[in-house]
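# Structural overview for review
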Amino acid sequence: NGEEVQSQDYIFKIVLIGDSAVGKSNLLARFARDEFYSNSKSTIGVEFQTQKMDIDGKEVKAQIWDTAGQERFRAVTSAYYRGAVGALVVYDISSRPTFDSIGRWLNELHTHSDMNVVTILVGNKTDLKDAREVSTAEGQALAEAQGLFFMETSALDSSNVAAAFETVVKEIYDILS
Ligand code: GDP
Ligand code: MG
């Protein structure tokens, strides 16, 4: 009684946005459960997943929201963005149109959430080397121009997946603590 140090509970809401089929649900599945679904239908239905993370020895909880497919109908609601302090804006490096959509997603994010939401631009599917349509330099340049963090990932082979989420959570933690 009184001896126990109460660990402070941080819960950060983070949203995943980007065109349909860029790999948002699989990035979350890989990060939270170390799973991958080659059939995207299996990923529909998850609303959010809470993931405990260790940042500088402190336990932090990231509440990561997935669109669960609503972006297909251009119907990502304002409730989805409400209270978000972090965002992963995802495109598919093997699909130029998904990269061209990033501006629209950033506009939507800034319409519905705080201007200061910590945002990382994520180029997913780096395992598809032979099908690449967007160079790393282009992704980097866009991120720099927009003041975003940047990382290329593969939910399939796991590369940089945890690092992408951790970059956002660490930055939020540093700002708020
Ligand atoms: P979402 O609509 O953005 O949530 O995309 P999904 O996570 O449902 O993925 C769409 C499709 O891309 C599925 O067939 C996945 O298996 C596939 N996919 C997702 N991430 C990767 C990746 O990193 N590499 C490859 N090769 N395929 C991926
Ligand atoms: Mg999905």
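Our subject is the structure listed above.
Model, not experiment: these values are computed from the prediction.

Here the focus is the pairing of strand E3 (residues 58–65). Direction of pairing for strand E1 (residues 10–17) relative to E3: parallel, over a ladder of six bridges. Each bridged residue has a counterpart across the sheet, and for Lys-13 the counterpart in E3 is Gln-63. Taken together, the eight bridges between strand E2 (residues 48–55) and E3 define a ladder with antiparallel strand orientation. Within E3, the residue paired with Gln-49 across the bridge is Ile-64. Counting the residues in the hairpin turn of E2 and E3 gives two residues, including Asp-56, whose phi is positive at 50 degrees.

Pairing within the open sheet is mixed, and its six strands lie in the order E2-E3-E1-E4-E5-E6. In the strand order of this sheet, the two ends are held by E2 and strand E6 (149–152), each with one partner. Averaged over all pairs of adjacent strands, the angle between their axes in this sheet comes to 25 degrees, without regard to strand direction. The sheet contact formed by strand E4 (residues 86–92) and strand E5 (residues 118–124) spans seven bridges and is parallel. The residue of E5 that forms the bridge with Leu-88 is Ile-120.

Below, the discussion takes up the nonpolar core. By size, the foremost hydrophobic cluster in this structure holds 44 residues, and its most contacted members are Ile-14, Val-15, Leu-16, Leu-88 and Val-89. Considering every element that reaches this core, the biggest residue donor is helix H6 (residues 161–176), with six residues. What Ile-14 contacts, discounting residues up to four positions off in sequence, is Ala-62, Gln-63, Ile-64, Trp-65, Ala-84, Gly-86, Ala-87, Leu-88 and Val-168.

Before going further, it helps to examine the packing of helix H1 (residues 24–33) against H6. One can describe the packing of H1 onto H6 by two numbers: an axis separation of 9 Å at closest approach and a directional angle of 90 degrees. Comparing the axis directions of H1 and H6 gives the class roughly perpendicular. On H6, the residues touching Leu-27, Arg-30 and Phe-31 of H1 are Val-161, Ala-162 and Phe-165. Of the residues that constitute the contact of H1 with H6, the class distribution is five nonpolar, no polar and one charged.

Conventions and cut-offs
Residues numbered from 1 in each chain as written. Chains lettered and ligands numbered in written order. Predicted model: local features only at pLDDT ≥ 70, side-chain atom pairs only at ≥ 80, totals over all residues. Pairing = 2+ DSSP bridges. Helix = DSSP H or I, 4+ residues; strand = E, 2+ residues; numbered from the N terminus. Axes fitted to C-alpha atoms, helices over the stretch in contact; angles between N-to-C directions. Core = buried A, V, L, I, M, F, W, Y, C linked by C-beta atoms within 7 Å. Buried ≥ 20, exposed ≤ 12 C-beta atoms within 10 Å, placed from the backbone. Contact = placed C-beta atoms within 7 Å. Parallel < 35°, antiparallel > 145°, perpendicular 65-115°, else oblique. Nonpolar A, V, L, I, M, F, W, Y, C, P; charged D, E, K, R; others polar.

Geometric descriptors of this kind do not, in isolation, establish any biological role.
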